[in-house]
Amino acid sequence: MSKRILVTGATGFTGSHILESLMQDGSVTPIAACRNPNSLLPGFKGESRPGDLRDPDYVESVVKDIDVICHAAAWTSLWNHHQQSRENYLEPTLHLIEAAKKCGVKQFVFPSTTSAAAPGQSFDPLSRGIPRTFWPHLCNVIAIEDELRKAAGPGFSTVILRLGLFTGKRYGLGILPILLPRLKTHLVPWVAGGRTHLPLVDGSDIGHAFLLAIKAKALQDHECFNIVGIEQPTVREVIEFIHLEYNYPTPHFSVPFSIAYPFAWLMEKLDPVVPWEPLVTRSIIHLQEETHANNDKARTLLGYQSAIHWKESVRSQIEELHQLQREAMPMAAEQ
């Protein structure tokens, strides 16, 4: 009998790519959990379980008769929104973990971020995340990581995939959608000369990594993997590529991280008195910190190899954004 895989957030970026990957593998049975089944991938013909993970009764019911949960549902924010992130993301996820273990789910796979332990320990996917008080959502991601470590044991394995920065089709929040309109202001500087690397990863590679984690044998009760692209370009390489391909401006000056963080703090403080979101936030600066993340462990234990080059992925994302984006993307959204 094939494994029954529940994908939460199945209409979002991560969830839709997981679902797409599972649909191409006949050895598993994907089940979509989402609010609106009409927004699922057109080719999906399997079972859907519509509902809201903030509803405790729904959480208790949605995990029944499930072997593996791929928890891709998220309420994401690049800054602030402490209460919303807690109510819409952290608390429902903790309840889902508890309900899954109680109901006999065998495996729980969770997408985290390579920035969780940046800049010092990200190369080690098993390293503890470092909470950053200026980024409540990242703190909640780390809290979920910690809960999964505690929950893991015989009969309930947990896998954390620390993903690089998302690129590719079907993604409307993240480093590129936030960065592109800000580049047009000519006010965004290089940070550290743009010499740090961006661990970009395409959505299809993410979906494939989840499938491999589900099918992997002989893993420990708790495992963590970094999942990034074929190569990691520098910030400068990415922005200069976007400049050459799409004529976006490049920054005109550079500041070190020691200046970038206080400047971003000032932009956050000005937010209540200006009619727009901050030009830059400390979370955006943090995403530019060096991670040194690589796929070595995922390649060895999962057989993971990235298939999509970052330039191809960036092209597909920007071309889709040009069709769909009519104004600057908000810095908080449901995924």
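Residues numbered from 1 in each chain as written. Predicted model: local features only at pLDDT ≥ 70, side-chain atom pairs only at ≥ 80, totals over all residues. Heavy atoms only, no water.

Caption draft 1: Main features of the overall build of the protein. Looking only at helices and strands, one finds 11 helices and 13 strands in the protein. Its C-alpha radius of gyration of 19 Å places the protein within 12% of the 20 Å reference for a compact globule of 335 residues. Each of the three principal axes of the protein carries a C-alpha extent, and together these read 60 × 40 × 40 Å. Within the protein, buried positions represent 57% of all 335 residues. Within the protein, contacts between residues at least 6 apart in sequence are counted, and of these 79% link residues at least 24 apart. Of the roughly 14400 Å² of accessible surface on the protein, a fraction of 53% belongs to carbon and sulfur atoms. (Helix = DSSP H or I, 4+ residues; strand = E, 2+ residues; numbered from the N terminus. Rg over C-alpha atoms; globule rule 2.2 N^0.38 Å. Buried < 20%, exposed > 50% of the residue type's maximum accessible area, 1.4 Å probe, protein only. Contact = heavy atoms within 4.5 Å. Areas by Shrake-Rupley, 256 points an atom, 1.4 Å probe, with all protein chains shown as cover.)

Caption draft 2: A look at a nonpolar patch on the surface. Together, Trp265, Leu266, Leu270 and Val273 give the surface a local cluster of nonpolar side chains, amounting to about 380 Å² of exposed area. Following the sequence through the fold, leucine 270 ends up in helix H8 (residues 257-270). (Patch = residues over 30% accessible without salt bridge, like charges linked within 9 Å, V, L, I, M, F, W, Y side chains within 5 Å. Salt bridge = Lys/Arg side-chain N within 4 Å of Asp/Glu carboxyl O.)

Caption draft 3: Seen up close, helix H1 (residues 13-23). Extensive coverage of H1 is indicated by the burial of 9 of its 11 residues. Buried within H1 we find Phe13, Thr14, Gly15, Ser16, His17, Ile18, Leu19, Ser21 and Leu22. Residues of H1 that are buried make contact with strand S1 (3-8), strand S2 (28-34), strand S4 (68-71), strand S8 (165-167) and helix H6 (203-215).

Caption draft 4: A look at the pattern of salt bridges. Per the counting criterion, the structure on display carries 18 salt bridges. A salt bridge links glutamate 145 to arginine 162, with the nearest nitrogen and oxygen atoms 2.8 Å apart. Taken together, the residues span a long stretch of sequence, with glutamate 145 in helix H4 (residues 136-151) and arginine 162 in strand S7 (residues 157-163) at a distance of 17 residues. Of the two residues, glutamate 145 and arginine 162, neither departs from the other in class, the shared state being buried. For arginine 299, the salt bridge is made with aspartate 296, and the minimal N-O distance between the two is 3.1 Å. Pair noted here: arginine 299 and aspartate 296 are both in helix H10 (residues 296-302), with a separation of 3 residues, about one helical turn.

Caption draft 5: Broad picture of the sheet that holds strand S3 (residues 48-50). The strand order S3-S2-S1-S4-S6-S7-S11 describes an open sheet built from 7 strands, whose pairing is parallel. Each of the sheet's edge strands pairs with one partner strand only, and the pair in question is S3 and strand S11 (222-227). Strand-to-strand, the axes of this sheet are offset by a mean angle of 20 degrees, without reference to chain direction. Relative to S11, S7 runs parallel, the two sharing 6 bridges. In the strand pairing of S11, arginine 162 is matched with asparagine 226. Set on the sheet, H1 makes contact with S1, S2 and S4; between it and S1 the angle comes to about 160 degrees. H4 contacts strand S6 (107-113), S7 and S11 of the sheet and is inclined by roughly 150 degrees relative to S6. (Pairing = 2+ DSSP bridges. Axes fitted to C-alpha atoms, helices over the stretch in contact; angles between N-to-C directions.)

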